[in-house]
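# Architecture at a glance
This is what each chain is made of:
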Amino acid sequence: MITGTTKILGVMGYPIEHSMSPVMHNAALRQLQADYVYVPLAVPPADLAGVLTSFRAIDCRGFNVTIPHKQTVMAHLSEISEVARSIGAVNTVWLTEQGWAGTNTDIVGWLSPLRSLPRPQTVVILGGGGAARAVIAGCVQLGCQEIWVVGRDLTKLAALQTSWPQIKLQDWSQLDYLLSVADMVVNCTPIGMFPQIEDSPLSVQQIELLRVGAIVYDLIYTPRPTKLLQMAEAGGCQSIDGVDMLVGQGAAALELWLGQPVPIELMRASLLEVLEKKDRSG
Ligand code: NAP
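Sequence order as written defines residue numbering, which begins from 1 separately in each chain. Only residues with pLDDT of 70 or above have their local features reported here, since the model is predicted, and side-chain atom pairs are shown and tallied only from 80 upward, although totals for entire chains, interfaces and linings are computed over all residues. No hydrogens and no water enter the side-chain calculation; it runs on all heavy atoms of the structure.

### Focus: the pairing of strand β6 (residues 99-103)
Looking down a regular strand, the side chains alternate between one sheet face and the other. Note on exposure labels: buried denotes an accessible area under 20% of the residue type's maximum, exposed denotes more than 50%, and partly exposed covers the range between, all computed with a 1.4 Å probe on protein chains only. For helices the rule is a DSSP run of H or I covering at least 4 residues; for strands it is a run of E covering at least 2, with both sets numbered from the N terminus onward. Within β6, 5 of the 5 residues are buried, which leaves it mostly tucked inside the rest of the structure. When DSSP finds at least two bridges between two strands, those strands are taken to pair. The pairing of strand β4 (residues 79-80) with β6 spans 2 bridges and is parallel. The partner of I80 across the bridge, within β6, is G102. Summarising the sheet, strand β5 (residues 92-96) and β6 pair through 5 bridges and their orientation is antiparallel.

Below is the structure:
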């Protein structure tokens, strides 16, 4: 129940209507009987600084940050975690006595389904945008030996080596050889995302180059499964979709704000319910 003492959490983005985060956060807050509400916050880029000041004044305890604020918010924080610095983006902010502090929980979320699997040694990451940066940092934390990033523009990809000199870069034309030696392929492009559900970053022939049991991890969660994951499963690979990452990053943020464990399975179930409704309605 929202009362006179209820505190605000939320997710700042622009646009923000598509966000799934309110569903899973509010499900968890209700279960915990925590006196908080989590709301979508449409913040135009030009208003970010003003909103941050106002939110301190109204005792907002924290919020998530999504596109287009993940980088720009960093200039307004008094403290930034090492992990967020390495990724170059913040997705979770909380209030301290000194001001706003920020971190990035995408790595925790991305790593969560891999914890129970043998460590992949050779990883091929498709795409080199914002999500790929979290995935690279996750691979480094996991201790993967070879991390390949495949992209369309090698000059653009080279910027990633400033943060992680150990990674190797390749363009899409050289992908087939990498697939034959990969223990895990991670799709960090939007290829195959709703509504382009018949698209896939890899062809059937390329899936056949992967060894049986290799992990194919698609960050996309609409549709479930993506074309890529359908083909990977048919080819004997292990498939992981983007739901665990989304739930894991949200749960890590909520734990940070509340300072207590949160019901992650309930968060997942509430999210899946909404995703299934969306899948059914096309
Ligand atoms: P982004 O910053 O825009 O990066 C997208 C990357 O994909 C870029 O490297 C881009 O290459 C590449 N790309 C786009 N279209 C391509 C195409 N047709 N062919 C080849 N490469 C292409 O986006 P992002 O934030 O990293 O997100 C990437 C995907 O991950 C999205 O589908 C997003 O929904 C998903 N995601 C999921 C989660 C989760 O919690 N599950 C979290 C974050 C993101 P160029 O630089 O050459 O354009």
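### Considering helix α10 (residues 227-234)
Residues of α10 that are buried: L228, L229, M231 and A232. Looking straight down α10, one finds that the buried residues subtend no more than 160° of arc, so they occupy a single side. Here a residue-residue contact requires only that any non-hydrogen atoms of the pair lie within 4.5 Å. Those residues of α10 that are buried are in contact with β10 (184-187), α9 (204-209), β11 (215-218) and β12 (238-240). Downstream of α10 by one or two residues, G236 has phi in the positive range, about 85°. Note that the arc is defined by the directions from the helix axis to the C-beta atoms.

### Focus: a nonpolar patch on the surface
Taken together, the side chains of M193, F194 and I197 define a hydrophobic patch exposed on the protein surface, amounting to about 260 Å² of accessible area. Turning to its location among the elements, F194 is positioned in the loop between β10 and α9. Exposure remark for F194: the relative accessible area of 44% places this residue in the partly exposed category. Patch membership requires more than 30% relative accessible area and the absence of a salt bridge. Residues of like charge join within 9 Å; the nonpolar side chains Val, Leu, Ile, Met, Phe, Trp and Tyr join within 5 Å. Note on areas: these come from Shrake-Rupley sampling with a 1.4 Å probe, and a residue is covered only by the protein chains present in the view. Within this document, salt bridges are pairs made up of a side-chain nitrogen of Lys or Arg and a carboxyl oxygen of Asp or Glu, the two lying within 4 Å of each other.

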